[in-house]
Amino acid sequence: MTAAASARQILTRLHEVMASRMHAQGKLDQVVEIIGECLTSEVCSIYLLREGMLELFATRGLNQSAVHVTRMAIGEGLTGVIAETTQMLNLAEAKAHPDFQYRPETGEEKFHSFAGVPIIYRERAVGVLCVQHLDPRRYEDIEIEALQTTAMVLSELIANAELVDDEDALGLSAEMSGQQTLTGLTLVKGLGAGIAAYHQPRVQITQMMADDTEAERERVYRAFAKMREQIDNLTGQAEFGVGGEHEEVLETYKMFAYDEGWSRRINEAIDSGLTAEAAIERVQQHTRMRMREIDDPLLADRMHDLEDLANRLVRIVAGQIGTAAQQGLRKDTILIARNLGPAELLEYDKRRLKGVILEEGSLTAHVVIVARAMGVPVLGRAKGLRGIVREGDEILLDATAATATVRPTAQVADAFAQRFAKSREKQAAYASLRDVEPFTRCGTRIQVMINAGLRDDISALALTGADGVGLFRTEFQFLVSATLPQRERQLRLYRDVLDAAGDKPVIFRTVDIGGDKAVPYLASDIGANDENPAMGWRALRLALHREGLMKAQARALLEAAAGRSLYVMFPMVSEPWEFDAAKAVFEDQLLFLRSHKKMVPERINYGAMLEVPALAEVLDLLLPKLSFLSIGTNDLTQFLFAADRGNPALAERYDWLSIAILRFLRRVVISTAGTDVDLGVCGEMGGRRLEALALLAIGFRRLSITPAAVGPIKELVRKVDLAELSEAMTAWLAQPGIDLRAQLGAWASERDIETD
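All of these numbers come straight from a predicted model, not from anything done at the bench. (Residues numbered from 1 in each chain as written. Predicted model: local features only at pLDDT ≥ 70, side-chain atom pairs only at ≥ 80, totals over all residues. Heavy atoms only, no water.)

In terms of helices and strands, the protein chain carries 30 helices and 22 strands. Surface accessibility of the protein chain: about 31500 Å² in total, with carbon and sulfur atoms responsible for 49%. (Helix = DSSP H or I, 4+ residues; strand = E, 2+ residues; numbered from the N terminus. Areas by Shrake-Rupley, 256 points an atom, 1.4 Å probe, with all protein chains shown as cover.)

Here we come to the packing of aromatic side chains. The full count for this structure, using the stated rule, is 8 aromatic pairs. Between tyrosine 567 and phenylalanine 628, the ring centres sit 6.2 Å apart and the planes meet at 50°, which makes this aromatic pair tilted. On the criterion of sequence distance, the pair formed by tyrosine 567 in strand E18 (residues 565-570) and phenylalanine 628 in strand E20 (residues 628-631) is long-range, its members being 61 residues apart. Within the aromatic cluster, the residues linked to one another by ring pairs are Phe570, Phe579, Phe586 and Tyr606. Its guanidinium or amino end placed over the ring of tyrosine 139, arginine 137 lies 4.1 Å from that ring's centre, counting from NZ or CZ. Positioned above the aromatic ring of phenylalanine 439 is the side chain of arginine 445, whose terminal nitrogen or guanidinium carbon lies 6.0 Å from the ring centre. (Phe/Tyr/Trp six-rings, centres within 6.5 Å; stacked < 30°, edge-to-face > 60°. Lys NZ or Arg CZ within 6 Å of the ring centre and 35° of its normal.)

Below, the discussion takes up the sheet that holds strand E5 (residues 113-121). Reading across the sheet, the 6 strands line up as E3-E2-E1-E6-E5-E4 and stay open at both edges, with antiparallel pairing between neighbours. Whereas interior strands pair on both sides, the edge strands pair on one side only; in this sheet they are strand E3 (71-73) and strand E4 (89-91). This sheet shows a mean twist of 25° between the axes of neighbouring strands, independent of strand direction. Of the strands in this sheet, strand E1 (43-50), strand E2 (53-60) and strand E6 (124-133) touch helix H2 (residues 24-38), which is tilted by about 65° from E2. (Pairing = 2+ DSSP bridges. Axes fitted to C-alpha atoms, helices over the stretch in contact; angles between N-to-C directions. Contact = heavy atoms within 4.5 Å.)

Paired through backbone hydrogen bonds, the strands of a sheet run either parallel or antiparallel to each other. Strand order in the open sheet formed by 8 strands is E7-E14-E13-E9-E10-E11-E12-E8, and the pairing between neighbours is mixed. Every other strand in the sheet has two partners, leaving strand E7 (180-183) and strand E8 (185-188) as the edge strands with one partner each. Averaged over neighbouring strand pairs, the angle between their axes works out to 30° when direction is ignored. Relative to strand E11 (residues 353-358), strand E10 (residues 333-337) runs parallel, the two being bridged by 5 bridges. In the strand pairing of E11, threonine 333 is matched with leucine 353.

Turning our attention to the pattern of salt bridges. Applying the stated criterion to the full structure yields 36 salt bridges. Between arginine 434 and aspartate 435 there is a salt bridge; the shortest N-O distance is 3.5 Å. Accessibility expressed as a relative area gives 37% for arginine 434, which makes it partly exposed. For aspartate 467, the salt bridge is made with arginine 445, and the minimal N-O distance between the two is 2.7 Å. Here aspartate 467, found in the loop between helix H17 (459-464) and strand E16 (469-473), pairs with arginine 445, found in the loop between helix H16 (410-431) and strand E15 (447-452); they are 22 residues apart in sequence, far enough to count as distant. A relative accessible area of 17% places aspartate 467 in the buried class. Put simply, Glu51, Glu55 and Arg71 are held in one network by salt bridges that share partners. (Salt bridge = Lys/Arg side-chain N within 4 Å of Asp/Glu carboxyl O. Buried < 20%, exposed > 50% of the residue type's maximum accessible area, 1.4 Å probe, protein only.)

A separate point is the packing of helix H27 (residues 689-697) against helix H30 (residues 740-750). Between H27 and H30, the least distance of the axes is 10 Å, while the angle of their chain directions is 95°. As summarised for this structure, H27 and H30 are arranged roughly perpendicular, according to the angle between their axes. Across the interface between the two elements, Leu690, Glu691, Leu693 and Ala694 from H27 touch Arg741, Leu744, Gly745 and Ala748 from H30. Of the residues in the contact of H27 with H30, the class split is 5 nonpolar, 1 polar and 2 charged. (Parallel < 35°, antiparallel > 145°, perpendicular 65-115°, else oblique. Nonpolar A, V, L, I, M, F, W, Y, C, P; charged D, E, K, R; others polar.)

This next bit is on the nonpolar core. Membership of the largest hydrophobic core comes to 93 residues, with the highest contact counts inside it found for Phe570, Leu610, Leu629, Leu662 and Leu665. With sequence-adjacent residues up to four places away left out, leucine 610 is seen in contact with Leu615, Ala616, Leu619, Leu629, Ser630, Ile631, Gly632, Leu636, Phe664 and Val668. (Core = buried A, V, L, I, M, F, W, Y, C linked by side-chain atoms within 4.5 Å.)

Running from N to C, helix H26 (residues 659-672) and helix H29 (residues 722-733) cross one another at 120°; their axes reach a closest spacing of 11 Å. As the angle between them shows, H26 and H29 are arranged oblique. Seen from above, H26 lies across H29 with left-handed handedness. Every residue of H29 that contacts H26 at Ile659, Leu662, Arg663 and Arg666 is listed here: Met729, Thr730, Trp732 and Leu733. Considered class by class, the residues forming the contact of H26 with H29 number 5 nonpolar, 1 polar and 2 charged. (Left-handed = near helix turned anticlockwise from the far one by under 90°.)

Further remarks concern the environment of tyrosine 567. Look at tyrosine 567 and you get partly exposed, because its relative accessible area is 25%. Residues tyrosine 567 and phenylalanine 628, spaced 61 residues apart in sequence, show a C-alpha to C-alpha distance of 9.1 Å. Dropping the residues within four chain positions of it, tyrosine 567 is found in contact with Pro505, Val506, Ile507, Phe508, Asn605 and Phe628.

Moving on, we come to unusual backbone geometry. Peptide bonds are, in most cases, trans, and in most cases residues other than glycine have a negative phi. Unusually for a residue other than glycine, glutamate 51 sits at a positive phi of about 50°. Mapped onto the elements of the fold, glutamate 51 is located in the loop between E1 and E2.

Moving on: the side chain of serine 113. In this structure, serine 113 sits in strand E5. In this structure serine 113 comes out as buried when scored by relative accessible area, which is 1%. Separated by 3.1 Å, the side chain of serine 113 and the backbone nitrogen of histidine 133 make a polar contact. Polar contacts involving the side chain of serine 113 include one to the main-chain carbonyl oxygen of aspartate 135, which spans 3.4 Å. (Polar contact = N/O pair within 3.5 Å; in protein donor to acceptor, adjacent residues only side chain to side chain.)

Here the protein chain averages 82 in pLDDT, and 83% of its residues register 70 or above. This model gives residues 167-174 a pLDDT under 50, and the stretch forms 22 contacts once residues within four places in sequence are excluded. Of the regions scoring below 50 in pLDDT, residues 235-246 engages in 27 contacts with residues more than four places distant in sequence or in other chains. (pLDDT = per-residue confidence, 0-100.)

Next up on the list: empty space enclosed by the protein. One pass over the structure, following the stated rule, counts 4 cavities of 30 Å³ or more. Taken as a whole, the largest cavity encloses approximately 160 Å³ of empty space. Contributing to the lining of the largest cavity are 15 residues, with Met72, Leu78, Thr79, Gln101 and Glu108 lying nearest its centre. Sorting elements by how many residues they give to the lining of the largest cavity places helix H3 (residues 77-85) first, with 3 residues. When the residues that make up the lining of the largest cavity are grouped by side-chain class, the tally is 6 nonpolar, 6 polar and 3 charged. (1 Å grid on protein atoms, 1.4 Å probe; cavity = no way out; pocket = protein on both sides within 12 Å on 5 of 7 lines; lining within 4 Å. Points joined across faces, edges and corners; volume = space filled by probe spheres on them.)

The following block contains the structure:
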C-alpha cells in the first residue's frame, strides 16, 4: 500500500472510531492500533499533558505496563521537545538526536526511526502523537501529514473528554494560565477593567470530522469567492491606508487570496475527511511550522499576512462575520486589536468599552484622538498580546502606567480597585473646579476649551465648566455613516450642538477626511494609492476638489447658526489662496441664503488650522484675513519631523517637548503678537500637564483639549506664575542639546506642581 493510500485509510477508520460510542480511553487505544497498522510502524504512542507532565496514555508496541506510568517533563526527551517547540520531528535514527532519552520500562531500546507531531488545542500543545520503527527510515511527507491531521482530531476528543487538567485542556502554558503583566506605550491615560474581547474574534473549531465531504468543499469554494471579493474591495478601506506600504500589503493579500496552491492544500485536507474549518486550520498549522524556520524577517511578515487571511477565511466559513462591535459587547470590555481606525472605534458601545490594548499604535494616530474624546484609556505597542491574552480573560488596564494585568490575583484586583477609587476622588477634586475660572497666580485668564466630535460630547461643557468648544471635528459624522451625510442630517447635528452649547462658542472645523480617516463612499477621491496618505489628497484639499461636499457643509453650518455667531475653521491650510477659496464657498452660500430670504448668522468668524509648516512662512499674508488661528499639534508634529503619525516604529521617536517644536511654536506666537487674531492650540499636546506648561511658557493663552483634561489643566493653571515660567523657558530654548522635558519637570516639581 502506498503512503498516500495509508494516510487516507487512517482518516477513514479514524472517522469510524470517533463516531462510535466507545469511551475516550478505548478510542485512544484504537487510534494507536490504526496508525500503527496503516503506516506499518511497530510502535504508535499518545502522550497527554497532565499536571504539567507528559503521560503515556496509549501505545501499540511499547510495554502496556508503562501506560499511565511513564511520564516526562516538557522539554524532556524527544517527546518533550515536540511539546515544548510544537514542531514535528522525523528522524531515521532517534538515538542520534541530542535530546534522545531512553526509558527502560517502555521497552523501546530496539527501535531506530522516530516521528512525532504535537497535539494542538487552542494554539498550545496538550500532547504528542508519535510512531517508531525497527529499521532506520524517514517517514514520508504524506505520512507526517496524516499524523498531523490525526493529532487535530485527537485534540477535539481530548478536550471534550477532559483527559487533561482544565488549564492544560485549554492548551495553556504558564503565560496563558496565571497572572501576567503586559507593558507598552501610554496612548490615552486612564484606568479600566473588563474582560478581553478581540476586535476580530477567533473562531473556535468544535467539529473536526466531516459528514459530507462535498458539502464541506462547497463551503470552502463559497468562502474563497467571498474573501476574494472582500480583498478586491479593500483598496478604499482605512485598515490598509498605512503609509507607503498600502500597495505592497494589498498586493500581498491578493497574491495569497488567489494562490491556487493554498486552496488546493485546503481541498486535500477536506478530502482526508476534515470539515472546512478544520481543513483551513490544518493547513495553517503546517504554515506556522514553516514560519518558525524562516530567518528572513520580510518573508516572515508575509507569512503573517497569510495567517491573517486564513483567519478571515475561517470566519467566513463559520459564518462569523464582523467585528466584536458588530456582535455587541455584553460586559465591561477591554478591547484587543493589532490596530484600529477611528471609525472602527466609534462603532463600540461607550458604556461597555472600558479600555483598548493595541499591538501597534502611536500617540498622534487619529484613533487615539477619538479614544480621548470617548474617555477610553488606550495602551499601545503591547507585544506578545496573542500569546498571553485569551478571549474572556479579566484585564486590569492602567494606561497611565503603561501596563495591563491579565488574569489578576485577588490581591492585585483589590489593590487596583483602591487605585480606581483614589482616581475617582482625584476626578471629583477636578470636577469641583467646574465653576472656577482658570486664572494664573499672576492674574492672567487662560481660556480652556474642549475638543468634541459627537453630539453627546457637548454635555461636557456643563460638566467641566470649559469656556467653549475649541474644535468640533465635523468628520466624525462622516466616519460613522455608511453613505455621504446629506445636508439635512448635517444641519440637524450642527443645530443640536449649538443649542446644547448655549452662549458658549463652538469652533466647527470643516470636514477633515483622508489619510487614516478614509471613508469607502469617497474612496475614489481620497487617493487610496498615495504613498504618503497623510500628506496627500485629504482635508481642505479634498473638500475644495469635491465642490458639492464643501457647499453642502457650508450651507448646513450657515443655516444651523442662523441668528448666532458662527466660528468656522479650515484644516490643513498650506497657502493663503486655499483659505481664500474655502471662505469663498461660504460667502457664496451666504449670498444664496440671503437671496432666498433665509436667516443667516449674525457674524461669521473665519479661522485656519496651522498644521502644515509652510503656512508659518506666509502668516503675514494670512493673518489680516483671520479672526483666529489654531495650532494642530498632532499633524504639525508629523509634518515638521517627516514622521508618519500612524507608523508604530516612530511612535516614541519625536517629543512634543523638543526644542525644535517649541521654537517653531514660539515663532508663530511672535508672528501673531500685536494683531487681533486669537491664537490657540487645539491638538492633544495642550491636554498634557507638562506640555501645557510649555505652551503657557511660550505665550499661548487658549487651549482646546479633551474634556477629561479640563479639570487637571485648570488646576495646573492656578499654580503658575507666567513671568517666572516664561523666563525659565527662554533660557532653556537658548541652550542647545538640553533635555527640556527633564528641566521643565524639575522646575514644576520644585514648585509642587504635579505633571502626571
